[in-house]
Amino acid sequence: MGKKIYNNQLRVNRGGNMKSVNLYCFVVSLLTGMALGACSGGGNNVGTSASNPSSTAFPQGLTISSPLDTEEESILIRALTSGTAAATASETIEEEIAAVLEGDSLEDCGFDVQNILETPSDATCYGPTVDYENHPDYNPADPENSPDGELPPGDLGIWRETEDGTEACAAASLNARLNGIQQKTRTALMTFASMICVSNVKGVDLPENSSSDLTDEMNDMSVTNEMGIEFESVTLTHDNSSGKDEYSYNVSFSFTDPDGDSHDAILQMTHRPEADLVTSYTGRFSYAFDTTESTAGNCPSIEMTAAGSVLYDQGDESNKQVQAMDGTFCGFDADAVGSNGLVDPNDSYNATTNPDGWANNFTILIANMDEGGMGNYSMAWQAGYMDDKSRVFNIVLSQNDNSVREATAYFGFGAPVNDDDFDGSIDGFICNWAGPGQNEDFSHTPLDFMQRQTMVDDGAGGPFEPVTSDIAYAPTSDCEYAGGDFEYDLDGDGTIEIDETTDSADGIDNKLADLSELDFTLPTAPANF
C-alpha cells in the first residue's frame, strides 16, 4: 500500500493554514486519478484524538528552528502544494520526523546523527571585521589606544542590508545563529522518533507503567542503516501513577564523525500528553555530547561538552510556548544538564569552583507562536561567560490577508544571559564595542537606539527580503561622526576605499531606530517543570 506517514496523516502547513492529508488517499489518487472525495471518510483527526496509542507518546508537530529559515522541500511537499510554496525549515523537519514515526521497516527508522555537531555562526553581513583609520574616539593620552586598527568580528550588529544582495541580513543572521540549536534538536527528536519506529517494526508494545529496553533493537537499526552509532542504553518508560501519562526517553550512544573523532552522547526527554490529544502536551528534552573545538576559547582545553535543553508547552496548535537553551561547557562529560532536565545559563565557568561550567557561546531562544509559526520570538546569545552584554534579536512574525509572511526584527544589546535581570529584552545599542575609547573600562553603556529591519517572504521559494532598514551608524561612542579624516571599511569587504570615507564637510548621522519605537511583547517561557 506504500509507506505510511505518522498516524496515516501528514500535517502540512502552508500560509498558516494547517491541513491534514490522508497519505494513502493522496498516493492512490496520484497513481489512479481517483477523486480525493472517494476517501473522505478515512483517516484520523490529527489534533483531536489518536487511535494509535504511540501517537500521544511523542510531541507530534514539535520542532525548534528559526522562524525565518527555509529548507529544500521534499517531493511530497512539492506535490501537495503544486510546487508553489517554499517549505519552512520547521515544516521540512516536521515531515521528516513524521515519516520516521510511522516507518514500517528498520530502514525507515534511520536518521543522520552528524547533524548534532552543527555549531552556530554569523552571517557575513552581520558584524564583519572592519578596518579603520584616524578613529575620532582615539585618546593620545591612553597608551592602550591607537587611531588605526580593526573592529573585531561579531560586535557591529547588522552591518549590511542583505546577506547576498537578496536576503535580509536580520533573517540571515537569525538563521545562522540558530542553526546549531536547530540541527541538534532535530537530531534529538529524530532519535526519539526512531525509538517509536523501532518499537513498531520489532513488535515491542508501548510500555504501560513499565519500561522497554530498546538497546538491541536500536543497534540492529543502526547496523541496517550503516549509521555508525553504537547504542549503549535505550529505554522508554511510561508512568501514570499521578493520574496523568508521562513518557520518559533515555538514550546514550557513541558515534564517529567524518574526521574520525569519537563522540559520546546522552539524550533525555520527558513528555506529558494531555489525555488522548495528539497536539496538546507539555515536556522537556535535553542533549549533551563530547566535542572538540579548534580553539579552547574560554576553556582551559579544546575538550568540551556541547549541551542544550528544550522546554515546551502546547496547549493546542494555536498556542505554543518554547524555550531552547544551548551552551558549550568545559571538559568532556561536563555536568551540564541539571536535575531539572535543563541547562542553566547561571552554570558558568569558574576555574576553581566550577571548572565544568559553560564558557563559550550560550544561546537562549524563547518563542510564543501559533500553528503556522506566527508570533513573537526572542533570541539572545553570548560569546563568552565574562561578556557584560548579550546580543539580542526580537522578532515579530505575522501573515497578511494575502497569506504573505511579514516580519520585523529588532537588534540590540541586553543583559548577560547569566544575569538575574536577563529576560530577552533589548536595552539599547552599542556602536563602539571594542574601538578606541572603550579600552579603559569597557563600560559598554547602551544608547537608546536599536537596529530595525522589516522583511517580507512572498512564499515563492526565496528568502525574506528587506522592505525597510534602520541600521546605519558610525562605529563611534555616540554612533555619529561630525566630520574630519576618519575612514573605515563601510561595506565590510576588507578594504578601506576612497568612496567609503567621510569628508570633513559631511560627517555621518546615525540612521538607527529609537528604542522607544520597539513594538514588541516579550514571549514567556513555559512554566510546566
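Bear in mind the structure is a predicted one, so any value in this text is a computation, not a measurement.

A. Representation of the packing of helix H4 (residues 169-202) against helix H5 (residues 215-224) within the structure. The interhelical angle for the contact between H4 and H5, taken along N-to-C directions, is 100°, at an axis separation of 10 Å. The angle between the axes of H4 and H5 places the two elements in the roughly perpendicular class. Residues Thr191, Ser194, Met195, Val198 and Lys202 of H4 touch H5, and the partners they reach there are Glu217, Met218, Asp220 and Met221. Looking at the contact of H4 with H5, its residues break down into four nonpolar, two polar and three charged.

B. Here's a closer look at the nonpolar core. Formed by 94 residues in total, the largest nonpolar core has its most connected members in Phe192, Tyr249 and Phe393. Among the elements that take part in this core, H4 stands out by supplying 16 residues, more than any other. Setting aside residues no more than four positions away along its own chain, Tyr249 makes contact with Ala57, Phe58, Phe192, Met195, Ile196, Thr235, Leu236, Leu267, Gln268 and Met269. Leu311, Ala334, Val417 and Met450 belong to the second-largest nonpolar core, a separate cluster that totals 30 residues.

C. The pattern of salt bridges, seen in detail. Applying the stated criterion across every chain yields a total of nine salt bridges. With its nearest N and O atoms 3.0 Å apart, the salt bridge here joins Arg177 to Asp122. Pair noted here: Arg177 is in helix H4 and Asp122 is in the loop between helix H3 (89-101) and strand E3 (130-133), with a separation of 55 residues, a long-range link. Residue class for Arg177 comes out buried when judged on its relative accessible area of 7%. Because the salt bridges share partners, they merge into one network encompassing Asp155, Asp387 and Arg391.

D. Quick look at the packing of aromatic side chains. Summed over the entire model, instances satisfying the criterion amount to 21 aromatic pairs. Ring geometry for Phe192 versus Phe285: centroids 6.2 Å apart, planes at 75°, classification edge-to-face. Of this pair, Phe192 sits in helix H4 while Phe285 is found in strand E9 (residues 281-292), placing the two residues 93 residues apart along the sequence. For the residue pair Phe192 and Phe285, the accessibility class agrees, reading buried in each case. Taking 5.7 Å as the distance between ring centres and 75° as the angle between the ring planes, the aromatic pair formed by Tyr349 and Tyr385 counts as edge-to-face. Of this pair, Tyr349 sits in the loop between strand E11 (319-330) and strand E12 (358-369) while Tyr385 sits in the loop between strand E13 (375-384) and strand E14 (390-399), and the two are 36 residues apart along the sequence.

Reading the values: the criteria
Note on numbering: residues in each chain are counted from 1, in written sequence order. The predicted nature of this model means local features are confined to residues of pLDDT at least 70 and side-chain atom pairs, given and counted, to a pLDDT of 80 or more, with totals for whole chains, interfaces and linings taken over all residues. Processing note: side-chain calculations cover all non-hydrogen atoms of the structure and skip hydrogens and water entirely. Each axis is a line fitted through C-alpha atoms, and for a helix only the stretch in contact is used; angles between axes span 0 to 180 degrees, taken between their N-to-C directions. Under the DSSP-based scheme used, a helix requires at least four consecutive residues in state H or I and a strand at least two consecutive residues in state E, with every element numbered from the N terminus. When describing relative orientation, an angle under 35 degrees is termed roughly parallel and one over 145 degrees roughly antiparallel, while 65 to 115 degrees is termed roughly perpendicular and anything else oblique. Any pair of residues with heavy atoms lying within 4.5 Å of one another is described as a contacting pair. Following the grouping adopted for this structure description, the nonpolar residues are Ala, Val, Leu, Ile, Met, Phe, Trp, Tyr, Cys and Pro, the charged ones are Asp, Glu, Lys and Arg, and the polar ones are all others, Gly among them. We call a set of buried Ala, Val, Leu, Ile, Met, Phe, Trp, Tyr and Cys residues a nonpolar core when their side-chain atoms join them within 4.5 Å. Working definition: with a 1.4 Å probe on protein chains only, accessible area under 20% of the residue-type maximum means buried, over 50% means exposed, and in between means partly exposed. Just to be clear on terms, a salt bridge is a Lys or Arg side-chain nitrogen sitting within 4 Å of an Asp or Glu carboxyl oxygen. A pair of aromatic rings is counted whenever rings of Phe, Tyr or Trp (Trp by its six-membered ring) have centres within 6.5 Å, and the orientation is called stacked for planes under 30 degrees apart, edge-to-face for over 60 and tilted otherwise.

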